[in-house]
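Okay, here's what each chain looks like letter by letter:
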Amino acid sequence: MTEPAAPAKRPAGRGRNLELSEELKAYKGVWVFVEHDRGHVHSVSWELLGEARKLADTLGSPVGAVLLGGADEHLDKFAAEAISFGADTCYLMTDPVLKGYRNEPFTKGLTDLVNKYKPEILLLGATSQGRDLAGSVATTLLTGLTADCTELNIDPVSKALAATRPTFGGSLYCTIMTLAYRPQMATVRPRVMLMPKADSSRSGTLVHDMLGMVETQIVTKLLDFIADAHSNKINLPYADVIVSGGKGLKNPDNFKLVFELARVLGGEVGSTRPCVQAGWVEAERQVGQTGKTVRPKLYIAAGISGAVQHRVGMEGSDVIVAINTDPNAPIFEFAHYGIVGNAMLVLPALTKAFAEHLSKRSAQVA
Ligand SMILES: Cc1cc2nc3c(=O)[nH]c(=O)nc-3n(C[C@H](O)[C@H](O)[C@H](O)COP(=O)(O)OP(=O)(O)OC[C@H]3O[C@@H](n4cnc5c(N)ncnc54)[C@H](O)[C@@H]3O)c2cc1C
């Protein structure tokens, strides 16, 4: 008989041991990576600061905001804003090679700061930049990362970050904890968390650090920036009014009725995944688990069944109005107002009624 194969050797502290090592127990504080681009901070960073504040208050820990950038990128101004949104300390790293996002210098900068100041939680927006950076930071630090979370809590027993996200195509919600490694990392999409109120009376501390990397060490070169004119036009996550259409509209011609109502209401047009897949509308208009998360004041859903993968992207809307021929459609379970009827008749009727109402109102104002 041959001996069974010996188990693979793992580095100390890894494997099934879920106890935090003494060194990792020293990690304290909830950090948010503040994403900025050509003079503007992405709102998701402030949404995450609001969430970080709640998590940190539960843990009795401070909130840190991390800003990396070039010397002329006004990081001090962004840090003041971060403090007003809930940060206690802002970690600022300025260096010519940090002007304009590139993975290598940002990964080095953020991992250096984490190794030096040891936060227990690190949150990033699930934007193109945040997704790119979070993956390389987590793998460099050999820690756990939960992507695209829809809810963040502190587990009352382990005090670990309980990061919840949809999984198996949205059929399950899964809560993931990083028990044996630090920091515990998570990304969250824009608009999933509420925007906190800014409080200009708050005060905080600024901590400046150096990167110590030179241009010749960086393989990626930023030659030019070409704005995607198309994506700037459709800003679903931050629209106040969205009129969305689904497969119940039957064909792309009828989808024009959705565009007309959105135009009269000064809103954006959204859609379900099958309509995008059928080529009726642009992919940027897809709302849901594999599309955008939206939080408008008004969401009108026409010919949409209300599948969970669509619901997770829009249930945070203040008011949901559903138009559907089927009174048993799942959308009526969570819509605030429901119209059982044919969208091809209801949409033009609403467009006409709103147009008349709004023109009367503007006549009164004039
Ligand atoms: C991994 C995964 C990810 C997914 N991600 C997303 C996502 O991000 N976003 C998304 O939307 N979906 C997503 N889906 C698909 C999702 O499961 C549903 O298939 C989809 O949301 C259904 O779209 P729908 O409501 O347009 O179509 P249907 O489910 O076909 O519903 C059409 C509705 O229109 C109604 N209707 C029919 N005729 C009329 C009429 N004349 N007037 C009014 N109502 C009418 C019907 O009663 C029905 O309720 C995903 C699926 C998977 C597996």
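I will try to describe carefully the structure that is included in this document. (Residues numbered from 1 in each chain as written. Predicted model: local features only at pLDDT ≥ 70, side-chain atom pairs only at ≥ 80, totals over all residues. Heavy atoms only, no water.)

### Considering the site of the ligand
Next, step 1: Around the ligand sit 28 residues, and of these Lys247, Lys250, Thr272, Thr290 and Ser305 come closest.
Next, step 2: Contact distances for the ligand include 2.7 Å between a nitrogen atom and a side-chain N or O atom of Lys250.
Next, step 3: Within the side chain of Thr290, one N or O atom sits 2.7 Å away from a nitrogen atom of the ligand.
Next, step 4: Considering the ligand on its own, with 980 Å² of exposed area, one finds that the protein chains cover 76% of that surface.
Next, step 5: Elements represented by at least two residues in the shell around the ligand include exactly α8 (273-277), α9 (308-314), β16 (319-324) and α10 (343-365). (Near = heavy atom within 4 Å. Polar contact = N/O pair within 3.5 Å; in protein donor to acceptor, adjacent residues only side chain to side chain. Areas by Shrake-Rupley, 256 points an atom, 1.4 Å probe, with all protein chains shown as cover. Helix = DSSP H or I, 4+ residues; strand = E, 2+ residues; numbered from the N terminus.)

### Concerning the side chain of Gln184
Next, step 1: Within the fold, Gln184 resides in strand β11 (residues 184-188).
Next, step 2: Residue classification places Gln184 among the buried positions, given a relative accessible area of 1%.
Next, step 3: A polar contact of 2.6 Å, which involves the side chain of Gln184, links it to the backbone nitrogen of Leu161.
Next, step 4: The contacts of Gln184, once residues within four sequence positions are left out, are Glu120, Ile121, Leu122, Gly144, Ala160, Leu161 and Thr178. (Buried < 20%, exposed > 50% of the residue type's maximum accessible area, 1.4 Å probe, protein only. Contact = heavy atoms within 4.5 Å.)

### Considerations on the sheet that holds strand β13 (residues 241-245)
Next, step 1: Spatial strand order, β14-β13-β15-β16-β17: five strands in an open sheet with parallel pairing. Only two strands of the sheet have a single partner each, and these edge strands are β14 (268-271) and β17 (337-340). Direction aside, neighbouring strands of the sheet carry axes that sit 20° apart on average.
Next, step 2: With four bridges connecting them, β13 and β14 associate as parallel partners. Residue pairing across strands places Gly245 opposite Ser271, the latter belonging to β14.
Next, step 3: Its contacts with the sheet place helix α7 (residues 252-265) against β13, β14 and β15 (298-302), and it is angled at close to 175° to β13. (Pairing = 2+ DSSP bridges. Axes fitted to C-alpha atoms, helices over the stretch in contact; angles between N-to-C directions.)

### Regarding the sheet that holds strand β10 (residues 172-176)
Hydrogen bonds along the backbone pair up the strands of a sheet, which may run parallel or antiparallel.
Next, step 1: Read across the open sheet, the three strands follow the order β8-β9-β10; overall the sheet is antiparallel. Strands at the two margins of the open sheet, each flanked by one partner only, are β8 (151-154) and β10. Sheet twist, expressed as the average angle between the axes of neighbouring strands with direction ignored, equals 25°.
Next, step 2: Taken together, the five bridges between strand β9 (residues 161-167) and β10 define a ladder with antiparallel strand orientation. Across the sheet, the residue bridging to Thr164 is Thr175, located in β10.
Next, step 3: Packed on one face of the sheet, helix α2 (residues 43-59) meets β8 and β9 and runs near 15° to β8.

### So, the packing of aromatic side chains
Next, step 1: Per the stated rule, a full pass over the model turns up eight aromatic pairs.
Next, step 2: Between Trp46 and Phe85, the ring centres sit 5.0 Å apart and the planes meet at 20°, which makes this aromatic pair stacked. Note that Trp46 is positioned in helix α2 and Phe85 in the loop between α3 (75-84) and β5 (89-94), a separation of 39 residues in sequence.
Next, step 3: Note on Tyr91 and Tyr117: the rings are 4.8 Å apart at their centroids and 45° apart in plane angle, and the pair reads as tilted. With Tyr91 in strand β5 and Tyr117 in helix α4 (residues 103-117), the pair connects residues that are 26 residues apart, well separated along the chain.
Next, step 4: Clustering of aromatic rings is evident, with ring pairs tying together Trp31, Tyr91 and Tyr117.
Next, step 5: Above the ring of Phe225, the side-chain terminus of Arg38 is found at 3.2 Å from the ring centroid. (Phe/Tyr/Trp six-rings, centres within 6.5 Å; stacked < 30°, edge-to-face > 60°. Lys NZ or Arg CZ within 6 Å of the ring centre and 35° of its normal.)

### Things to note about the environment of Lys99
Next, step 1: Looking at the secondary structure, you find Lys99 in the loop between β5 and α4.
Next, step 2: Overall, Lys99 belongs to the partly exposed group, its relative accessible area being 42%.
Next, step 3: A sequence separation of 263 residues divides Lys99 from Ser362, and the C-alpha atoms of the two residues are 46 Å apart.
Next, step 4: Look past the residues within four positions of Lys99 in its chain and what remains in contact with it is Gly69, Gly70, Asp72, Glu73 and Leu222.

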